[in-house]
Amino acid sequence: MSATRRLQKELGDLKGCGVRAYENVECEETNLLKWTVLLLPDKEPYNKGAFKVGITFPVDYPFKPPKVAFETKIYHPNVDEEGKFCLPIVTTENWKPATKTEQVMMALLSLINEPEPNHPIRADVAEEFQKDHKKFMKTAEEHTRKNAEKRPE
């Protein structure tokens, strides 16, 4: 199956899956290799907003993993200021061509809902998460209210 056919199928599957955790799955009109997804975490403090995630697929997808990054700023120990994060499922050494975009989105949602402070990208945020959780929750909620996209009704 060519990358185009596979991506068209995955796009249709993702749009039609009915999962409320991600909505507004869209691709650029002229480029099927660039998608945006609105991620809707369901746990505090991130459930106060929605987060736009950009997905760029390589031309040799599914044999190489997509690049995935947050376009919306998020205060999280596992996401840097540029929206990059480490998710084993999309690393080159762990990627499997059978992995679907929906699985990547579910893994990312799980990371956002359940931060991993022992494997941080932002050590300062991870330290706050572990040592002063109440302050972390307050800061993350304020950051979410200020920077996140509006959640769809």
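In the block above lies the structure referred to throughout.
Residues numbered from 1 in each chain as written. Predicted model: local features only at pLDDT ≥ 70, side-chain atom pairs only at ≥ 80, totals over all residues. Heavy atoms only, no water.

### A short note on the pairing of strand β1 (residues 22-28)
Link 1 in the chain: Sheet analysis places β1 next to strand β2 (residues 31-39), joined by five bridges and oriented antiparallel. Bridging from a neighbouring strand, E28 pairs with N31 of β2.
Link 2 in the chain: Here β1 folds back onto β2 in antiparallel fashion, the turn holding two residues. (Pairing = 2+ DSSP bridges. Helix = DSSP H or I, 4+ residues; strand = E, 2+ residues; numbered from the N terminus.)

### Some details on the pairing of β2
Link 1 in the chain: Across six bridges, the pairing between β2 and strand β3 (residues 51-56) is antiparallel. Each residue of the ladder has a partner; that of L38, found in β3, is K52.

### A few points about unusual backbone geometry
Link 1 in the chain: Of the consecutive residues E44 and P45, the connecting peptide bond is found in the cis state with omega at 0 degrees.
Link 2 in the chain: Within the fold, P45 resides in the loop between β2 and β3.
Link 3 in the chain: Here the residue pair Y61 and P62 is connected by a cis peptide bond, since its omega of 10 degrees sits within 30 degrees of zero.
Link 4 in the chain: Relative to the helices and strands, P62 is located in the loop between β3 and β4 (67-70).

### Structural notes on the nonpolar core
What tends to happen in soluble globular proteins is that the nonpolar side chains get buried as a cluster.
Link 1 in the chain: The biggest cluster of nonpolar side chains holds 36 residues, and the ones touching the most others in it are W35, F70, M105 and L108.
Link 2 in the chain: Those elements that provide at least two residues to this core are α1 (3-16), β1, β2, β3, β4, α2 (101-113), α3 (123-131) and α4 (133-147).
Link 3 in the chain: Per element, the largest residue contribution to this core is six residues, and it comes from α2.
Link 4 in the chain: With residues up to four places along the chain from it excluded, the contact list for W35 reads L7, E10, L11, L14, V25, E26, C27, V53, G54, I55, F57 and T101. (Core = buried A, V, L, I, M, F, W, Y, C linked by side-chain atoms within 4.5 Å. Buried < 20%, exposed > 50% of the residue type's maximum accessible area, 1.4 Å probe, protein only. Contact = heavy atoms within 4.5 Å.)

### A look at the sheet that holds β1
Link 1 in the chain: Judged by pairing direction, the sheet is antiparallel, and its four strands sit side by side in the order β1-β2-β3-β4 without closing on themselves. In the strand order of this sheet, the two ends are held by β1 and β4, each with one partner. Put simply, the sheet's adjacent strands are angled 20 degrees from each other on average, direction ignored.
Link 2 in the chain: Pairing between β3 and β4: four bridges, direction antiparallel. Counterpart to T56 in the pairing with β4 is K67.
Link 3 in the chain: Its contacts with the sheet put α1 on β1 and β2, and the angle it makes with β2 is roughly 20 degrees.
Link 4 in the chain: The sheet contacts of α2 involve β1, β2, β3 and β4, and relative to β2 the element is tilted by about 35 degrees. (Axes fitted to C-alpha atoms, helices over the stretch in contact; angles between N-to-C directions.)

### Topic: the environment of W35
Link 1 in the chain: Examined against the element boundaries, W35 turns out to sit in strand β2.
Link 2 in the chain: Residue class for W35 comes out buried when judged on its relative accessible area of 2%.
Link 3 in the chain: Put simply, W35 and Y46 are 11 residues apart on the chain and 22 Å apart in space, counted from C-alpha to C-alpha.
Link 4 in the chain: A distance of 2.9 Å separates a polar atom in the side chain of W35 from the backbone oxygen of L32. (Polar contact = N/O pair within 3.5 Å; in protein donor to acceptor, adjacent residues only side chain to side chain.)

### Thoughts on the packing of aromatic side chains
Link 1 in the chain: For the coordinates displayed, the defined rule picks out eight aromatic pairs.
Link 2 in the chain: Residues F70 and F85 carry aromatic rings whose centres are separated by 5.7 Å and whose planes lie at 70 degrees to one another, so their mutual orientation is edge-to-face. Of this pair, F70 sits in strand β4 while F85 sits in the loop between β4 and α2, and the two are 15 residues apart along the sequence.
Link 3 in the chain: Here the aromatic cluster, defined as three or more aromatic residues joined through ring pairs, consists of W35, F57, Y61 and W95. (Phe/Tyr/Trp six-rings, centres within 6.5 Å; stacked < 30°, edge-to-face > 60°.)

These figures come from the coordinates and say nothing about function on their own.
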